[in-house]
Amino acid sequence: MPASYAYLGPEGTFTEVALRTLPEAATRELIPYVSVQSALDAVRTGEAEAAFVPIENSVEGGITTTLDELVAGAPLMIYREVLLSITFALLVRPGTKLSDIKTVSAHPAAQPQVRNWLKKNLPDAHWESAASNADAARLVQEGQYDAAFAGEFAAARYGLEALETEIHDAENAQTRFVLVGRPARPAAPTGADKTSVVLWQRDDHPGGLRDLLGEFATRGINLMLLQSRPTGAGIGNYCFCVDAEGHISDRRVAEALMGLKRICLQVRYLGSYPRADMQPVEVQPPRLGTSDDEFVAAADWVARCQDGRF
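Computed from a prediction, not measured in an experiment: that's the story for all the values here.

Cut-offs and rules
- Residues numbered from 1 in each chain as written.
- Predicted model: local features only at pLDDT ≥ 70, side-chain atom pairs only at ≥ 80, totals over all residues.
- Heavy atoms only, no water.
- Helix = DSSP H or I, 4+ residues; strand = E, 2+ residues; numbered from the N terminus.
- Buried < 20%, exposed > 50% of the residue type's maximum accessible area, 1.4 Å probe, protein only.
- Contact = heavy atoms within 4.5 Å.
- Areas by Shrake-Rupley, 256 points an atom, 1.4 Å probe, with all protein chains shown as cover.
- Lys, Arg positive; Asp, Glu negative; His and termini not counted.
- Charge placed at Lys NZ, Arg CZ, Asp CG, Glu CD.
- UniProt positions renumbered as here; feature names shortened; annotations may be inferred.
- Pairing = 2+ DSSP bridges.
- Axes fitted to C-alpha atoms, helices over the stretch in contact; angles between N-to-C directions.
- Polar contact = N/O pair within 3.5 Å; in protein donor to acceptor, adjacent residues only side chain to side chain.
- Salt bridge = Lys/Arg side-chain N within 4 Å of Asp/Glu carboxyl O.
- Nonpolar A, V, L, I, M, F, W, Y, C, P; charged D, E, K, R; others polar.

A. Structural detail: the overall build of the chain. The helix and strand tally for the chain stands at 9 helices and 15 strands. C-alpha extents for the chain along the principal axes are approximately 85 × 50 × 35 Å. Looking at the chain residue by residue over its 310 residues, the buried ones come to 47%. For the chain, the share of sequence-separated contacts (at least 6 apart) that also reach a separation of at least 24 residues comes to 76%. Accessible surface for the chain amounts to roughly 15,000 Å². Of this, 52% is attributable to carbon and sulfur atoms. Taking the average location of the 29 positive side-chain charges in the chain and that of its 40 negative ones, the two points are 4 Å from each other.

B. Seen up close, the UniProt feature "domain: ACT" (unreviewed entry) in the chain. If you check UniProt for "domain: ACT" (unreviewed entry), the listed places come out as residues 197-274 in our numbering. Between the first and last C-alpha atoms of residues 197-274 the distance is 15 Å; the span itself is 29% helix and 41% strand.

C. Examining the UniProt feature "domain: Prephenate dehydratase" (unreviewed entry) in the chain more closely. In this structure's numbering, the residues bearing the UniProt feature "domain: Prephenate dehydratase" (unreviewed entry) are residues 4-182. Taken end to end, residues 4-182 is 26% helix and 34% strand, and its first and last C-alpha atoms sit 14 Å apart.

D. Structural view of the sheet that holds strand E13 (residues 223-230). Pairing within the open sheet is antiparallel, and its 4 strands lie in the order E13-E14-E12-E15. In the strand order of this sheet, the two ends are held by E13 and strand E15 (264-274), each with one partner. For this sheet the average axis-to-axis angle between neighbouring strands, irrespective of direction, equals 15 degrees. Relative to strand E14 (residues 238-245), E13 runs antiparallel, the two being bridged by 7 bridges. Along E14, the bridge assignment pairs Leu223 with Ala244. Sheet strands in contact with helix H3 (residues 64-71) are strand E12 (193-201), E13, E14 and E15, and its direction is about 80 degrees off that of E13. Together, E12, E14 and E15 form the strand contacts of helix H8 (residues 251-263), whose direction differs from that of E15 by roughly 160 degrees.

E. Looking closely at the side chain of Arg176. Inspection of the secondary structure puts Arg176 in strand E11 (residues 174-181). Among the polar contacts listed, one links the side chain of Arg176 to the side chain of Glu81, at a separation of 2.6 Å. What Arg176 contacts, discounting residues up to four positions off in sequence, is Val53, Pro54, Ile55, Glu56, Glu81, Val82, Leu83, Lys194, Ser196, Leu225, Asp243 and Tyr273.

F. Layout of the pattern of salt bridges. Applying the stated criterion across every chain, the model contains 21 salt bridges. Salt-bridge contacts for Arg229 lead to Asp68; the nearest nitrogen and oxygen are separated by 2.7 Å. One end of the pair, Arg229, is in strand E13; the other, Asp68, is in helix H3, and 161 residues separate them in sequence. Exposure remark for Arg229: the relative accessible area of 14% places this residue in the buried category.

G. How the structure looks around the packing of H8 against helix H9 (residues 292-306). At a closest axis distance of 8 Å, the pairing of H8 and H9 adopts a crossing angle of 60 degrees. Of the residues in H9, those touching H8 at Arg251, Arg252 and Glu255 are Asp292, Phe295, Val296 and Ala299. Grouping the amino acids of the contact of H8 with H9 by side-chain chemistry returns 3 nonpolar, no polar and 4 charged.

H. Looking closely at unusual backbone geometry. For the bond running from Gly9 to Pro10, omega is 5 degrees, close enough to zero to count as cis. Here Pro10 is to be found in the loop between strand E1 (4-8) and helix H1 (14-19). Positioned with a positive phi, Asn172 is a non-glycine residue whose angle comes to about 60 degrees. You can see Asn172 is positioned in the loop between strand E10 (161-167) and E11. We note that Met278 has phi near 55 degrees; this positive angle belongs to a residue other than glycine. Taking relative accessible area as the criterion, Met278 reaches 44% and is therefore assigned partly exposed.

I. Region of the structure containing the pairing of E11. With 7 of 8 residues buried, E11 lies mostly within the body of the structure. Two strands pair when backbone bridges link them, and strand E3 (residues 50-57) and E11 are joined in this way by 7 bridges, in the antiparallel orientation. If you follow Val53 over to E11, its bridge partner there is Val178. Inspection of the sheet shows strand E5 (residues 77-85) paired to E11 by 8 bridges, in the antiparallel sense. Paired with Leu84 across the bridge in E11 is Thr175.

As structure tokens, then:
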């Protein structure tokens, strides 16, 4: 029996479409789960080899459900990422007209991407959130709602028709998905990688966030995502989810993580993995003393000083 990948279901989600772009998906059993939490829990319990879930979109930023699940619970690691261009269709039961629609449904992350279209075309429609866009389509099929925002490809799966297509408030909107598994040795660096971590401050003090970011800045490491998430310990208590350019095997990235480990209450390493766009990582902006060779040379100099060979 092939190993399985869990994903945010049901069938017909954008998550499933993105997952099927991975070559290894053809050799795995793909199992839909009702929520991001249940898909990730399947990995933690060993029911699935890995889970594939959305983590960020270009309109609203980080998907908080996924970020919070990676922050809490038994540690997991990100191994791959996929970028998928997103455009929605308005799916309805056959024969439904725009004037018939009183209720619409989709995943909460879809709402900011169709808000202006809704205001213009269905200003009086009541929005109901669903576990996923495909689940919203299923609920329309069952008669619970009049319409769903989902991928046009989901229409046939749920016996619906696309009343409107190419719906999006922002041109070139994309969603980022990640393949998550249990902790293991990260893949070898490709030269086009990113590293994800979660950071907890020791205490709240002026310049605290600057101190964290300074560990990256002084080493010429560009950040691709910075999002605060509440820790649950009270108002004003936050941790920080960070995506940084580079791989943990890069000396400047490793030194930044060591610096963060020294000053943070806790650092959770979420993995180093290839960027979906495969853009080579460069030190931005070019700064003296931030190349891997310079880090190696500096470490060698300290070792020679310690040995009396300077």
